[in-house]
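Chain residues, written in single-letter form:
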Amino acid sequence: MSGTTSATTSATTSGTLPGAESDSTTYLELSQDGGGAHKFYEVTVSGTAVSVRYGRIGAAGQQQTSAFPTREKAQAAAARKIGEKVRKGYAPAVRGQRAARPVTRRQVTSAPSTARAVAPVLWRFRTGAAAFGIHVAEDRCWVGNQSGDVFTLGHDGEVLARYRLPDGVKCLVADDFWIYAGCDDGTVYDLSSKLPFAAYDIAPDVDIFWLDIREGILHVADRSGGLTVIDHEDEYQWSRRSAGRHAWMVRRDEHAVYHGHHRGVTAYRADGGGELWHTPTTGAVLFGWQEDGAVYAGTDKRVVQRLAKDTGAVEATYACDTVVYSCATALDGRYVFAGDSASSVYCFAADGTRLWKLGTGGGSALSMQYLDEKLYMVTTDGSLVCVDASDAAIAAARSGTVPVARDVKSAAALPTYTPSATVRTVTSAAASGIVVECVQEGGRLRVHVVSEGYEPSWNVQFPRHIRRAGARYAVEDLSPAAGGFYRVRGEIRQIV
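Undergrad: What am I meant to see in a negative patch on the surface here?
TA: Taken together, the side chains of Asp176, Glu215, Glu254, Asp292 and Asp332 present a region of like negative charge at the surface. Here glutamate 254 lies in the loop between strand E19 (249-252) and strand E20 (256-261).

Undergrad: I tried to follow the environment of glycine 312 on my own but got confused; where do I start?
TA: Tracing the backbone through its elements, the reader meets glycine 312 in the loop between strand E25 (303-308) and strand E26 (314-319). Here the alpha-carbon distance between glycine 312 and alanine 294, two residues 18 residues apart in the chain, equals 8.6 Å. With sequence-adjacent residues up to four places away left out, glycine 312 is seen in contact with Trp277, Thr279 and Leu307.

Undergrad: Could you clarify how one ought to interpret the packing of aromatic side chains in this entry?
TA: The description of two aromatic rings rests on the distance between their centres and on the angle between their planes. The tally for this structure, following the rule as stated, stands at 20 aromatic pairs. Considering the side-chain rings of tyrosine 163 and tyrosine 417, the 5.5 Å spacing of their centres and the 45° angle between planes classify their relative orientation as tilted. Here tyrosine 163, found in strand E10 (residues 159-164), pairs with tyrosine 417, found in strand E35 (residues 416-417); they are 254 residues apart in sequence, far enough to count as distant. By relative accessible area, tyrosine 163 is classed as buried at 6%. The exposure class assigned to tyrosine 417 is partly exposed, which follows from its relative accessible area of 27%. Aromatic pair tyrosine 454 and tyrosine 486: ring centres 5.5 Å apart, planes at 75°, arrangement edge-to-face. With a gap of 32 residues between them, tyrosine 454 in the loop between strand E38 (444-449) and strand E39 (460-461) and tyrosine 486 in strand E41 (residues 485-495) connect regions that are remote in the sequence.

Undergrad: Any chance you could explain the side chain of serine 343 here in plain terms?
TA: Within the fold, serine 343 resides in the loop between strand E28 (335-340) and strand E29 (344-349). A relative accessible area of 9% places serine 343 in the buried class. Of the polar contacts made by the side chain of serine 343, one reaches the backbone oxygen of alanine 111; its length is 2.7 Å. Sequence-distant contacts of serine 343, defined by excluding residues within four places in its chain, comprise Ser110, Ala111, Pro112, Ser113, Leu358, Gly359, Thr360, Gly363 and Ser364.

Undergrad: What should I look at first to understand the pattern of salt bridges in this one?
TA: Throughout the structure, instances matching the rule amount to 21 salt bridges. Ionic pairing is found between glutamate 42 and arginine 53, a salt bridge with its closest N-O pair at 3.0 Å. With glutamate 42 in strand E2 (residues 38-46) and arginine 53 in strand E3 (residues 49-56), the pair connects residues that are 11 residues apart, well separated along the chain. Each of the two residues, glutamate 42 as well as arginine 53, counts as buried. A salt bridge links arginine 424 to glutamate 491; the shortest N-O distance between them is 3.1 Å. Here glutamate 491 lies in strand E41 and arginine 424 lies in strand E36 (residues 424-426), a separation of 67 residues in the sequence. With relative accessibility at 23%, the residue glutamate 491 sits in the partly exposed group. In this structure, a network of salt bridges that share partners links the residues Glu233, Glu235, Arg444, Arg446 and Arg467.

Undergrad: Whenever I open this one, the layout of surface pockets confuses me. Can you help?
TA: The method is simple in principle: a probe with the dimensions of a water molecule rolls over the atoms, and the space it marks as empty is what remains. In this structure, the second largest pocket spans a volume of roughly 1100 Å³. Around the second largest pocket sit 38 residues that line it, and His135, Arg251, Trp289, Gln290 and Gln369 are the ones nearest its centre. For the lining of the second largest pocket, the secondary structure elements donating two or more residues are strand E7 (131-136), strand E11 (169-175), strand E15 (208-214), E19, strand E23 (285-290) and strand E31 (365-371).

Undergrad: Help me understand the pairing of E38, please; the structure alone is not making it clear to me.
TA: The side chains of a regular strand alternate, first on one face of the sheet and then on the other. The buried count for E38 comes to five of six residues, which makes it a mostly enclosed element. Relative to E38, strand E37 (residues 434-441) runs antiparallel, the two being bridged by six bridges. Considered in E38, the bridge of glutamate 437 is made with histidine 448. In sequence, E37 turns back onto E38 through a hairpin of two residues, with glycine 442 there showing a positive phi of about 55°.

Undergrad: So what exactly am I meant to see when it comes to the sheet that holds E19 here?
TA: Pairing within the open sheet is antiparallel, and its four strands lie in the order E19-E20-E21-E22. Of all strands in the sheet, those with a lone pairing partner are E19 and strand E22 (275-279), marking the two edges. Sheet twist, expressed as the average angle between the axes of neighbouring strands with direction ignored, equals 15°.

Undergrad: It is not clear to me how the side chain of glutamine 461 should be interpreted in this structure. Could you clarify?
TA: Structurally, the position occupied by glutamine 461 is in strand E39. Among the polar contacts made by the side chain of glutamine 461, one reaches the side chain of tyrosine 180 at a distance of 2.9 Å. Each residue touching glutamine 461, except ones within four places of it in the same chain, is listed here: Tyr180, Asp190, Phe197, Ala199, Tyr200, His232, Phe485, Tyr486, Arg487 and Val488.

Undergrad: What is the right way to read the nonpolar core from this model?
TA: A general tendency of soluble globular proteins is for nonpolar side chains to be buried together. Leu218, Phe337 and Leu375 are the most contacted members of the largest nonpolar core, which has 67 residues in total. In terms of residue count, the dominant contributor to this core is E15 (five residues). Residues contacting phenylalanine 337, with those up to four places away along its chain left out, are Ser326, Cys327, Ala328, Thr329, Ala330, Tyr346, Cys347, Trp356, Met368, Tyr370 and Leu375. Listed in part, the 17 residues of the second largest apolar core include Ala131, Phe151, Leu371 and Leu384.

Undergrad: Hey, could you run me through the pairing of E26 in this one?
TA: As judged from the five bridges shared by E25 and E26, these two strands associate in the antiparallel manner. Within the sheet, the bridge partner assigned to valine 303 lies in E26 and is alanine 319. Here E25 folds back onto E26 in antiparallel fashion, the turn holding five residues, of which glycine 312 has a positive phi close to 85°.

Undergrad: What am I meant to see in the sheet that holds strand E12 (residues 178-183) here?
TA: The strands making up a sheet associate through hydrogen bonds between their backbones, and the pairing can be parallel or antiparallel. As summarised here, the arrangement of the four strands in space is E11-E12-E13-E14, forming an open sheet in which the pairing is antiparallel. Sheet topology places E11 and strand E14 (197-201) at the edges, where each strand pairs with a single neighbour. Averaged over all neighbouring strand pairs, the angle between strand axes comes to 30°, with direction disregarded. Pairing of E12 with strand E13 (residues 187-190) involves three bridges; the strand directions are antiparallel. Across the sheet, tyrosine 180 pairs through a bridge with aspartate 190, a residue of E13.

Cut-offs applied
Residues numbered from 1 in each chain as written. Predicted model: local features only at pLDDT ≥ 70, side-chain atom pairs only at ≥ 80, totals over all residues. Heavy atoms only, no water. Patch = residues over 30% accessible without salt bridge, like charges linked within 9 Å, V, L, I, M, F, W, Y side chains within 5 Å. Areas by Shrake-Rupley, 256 points an atom, 1.4 Å probe, with all protein chains shown as cover. Salt bridge = Lys/Arg side-chain N within 4 Å of Asp/Glu carboxyl O. Lys, Arg positive; Asp, Glu negative; His and termini not counted. Charge placed at Lys NZ, Arg CZ, Asp CG, Glu CD. Helix = DSSP H or I, 4+ residues; strand = E, 2+ residues; numbered from the N terminus. Contact = heavy atoms within 4.5 Å. Phe/Tyr/Trp six-rings, centres within 6.5 Å; stacked < 30°, edge-to-face > 60°. Buried < 20%, exposed > 50% of the residue type's maximum accessible area, 1.4 Å probe, protein only. Polar contact = N/O pair within 3.5 Å; in protein donor to acceptor, adjacent residues only side chain to side chain. 1 Å grid on protein atoms, 1.4 Å probe; cavity = no way out; pocket = protein on both sides within 12 Å on 5 of 7 lines; lining within 4 Å. Points joined across faces, edges and corners; volume = space filled by probe spheres on them. Pairing = 2+ DSSP bridges. Axes fitted to C-alpha atoms, helices over the stretch in contact; angles between N-to-C directions. Core = buried A, V, L, I, M, F, W, Y, C linked by side-chain atoms within 4.5 Å.

As structure tokens, then:
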């Protein structure tokens, strides 16, 4: 999230600037006034190798190493990198002197289920760490865990790819065809291209709890009960402070933003024009879901409550037996599903009638989504499970007959993608490439399309860490977004 750009420094460099005879390390930080950027950048020259490490202050960050034919060329490359950062406001600092951003890991417990029968699990994939993030699209499933791993799987359970992000994944959100991962390091990564890139930076004083995104506008709910809204250029739009703390719910539609916290749900105008309504809920909100006409809030008082979007009135209550960690619905709220702290999953009719309760067979569901008669859940033991939620399968399960769940394994040669600090260079755009250019506008670097056939005034949502004034890049594809900007699809290469 962008703020005023006044860099601060706490000390001098560690090591010497490239150019000395011995190996050297230069450590820089940018911590902006008003809670803006909170990042470090470290360059180490060792012989003919230049290593760059960067990320959020207090985190391990990411690292890349490049080799050069001579030490002199390595030193020159390091000097250019440092110069670029200094011109952007970075300053020498002492590593470890400035505190890391606050991070709250959701504290959950999971007891064995009291249900007499177990849900008909078709397959299970163990990610290796507790998982909160899930998104189920028409063609694949996404799951993110607290180790920073994001996996994509087919609906049959086949593991397709893995993304390695620098910190734990709080949640996964979709905006049309684009998938974003919100991480504990304060960065929201776009996972839609061949390589993930940092699309949004959240201010260091915001302890992220949950995210939602619509037409490129990001909504951030936080520990203190705040709601912060950022546009596709990673620039602050507006914010509100709700009456309650611990805002684990934020949902957005074309009319409003629905913000759930420990004192209920508050609806705000989508443009930030003010509060529409506030409804106290039975207990603190721990999870939220939405349909066209209603929002659903799961609480620590063992209920899911359905609230009318236009008035905030409580239309129905769905009673569980323990704390509700997650909820979801079938299309238009025909069925309402809930996961509790005792490893059980529930299904209710729209009016609140409980239809069934079954054990998950693998921990408590921390997030869930329903699609095509299947219920996908991520659990406290780090598993993504696919449950057959058809009437026939549920009836059989309640009678004690369930399929043998298939344990999915990832292939040894699974494609793995990590965010990159650099991009591949080319001497010209390929015949199918689209050329974009970084331009200075009003003190900020914008990216516009140079190739014909595109609206030249629209901005491109583009990785901020590789923008250079006057630089041109070739991208494989651009797609227009409803908010009047372009999103990148495919690889990004710098034209030199």
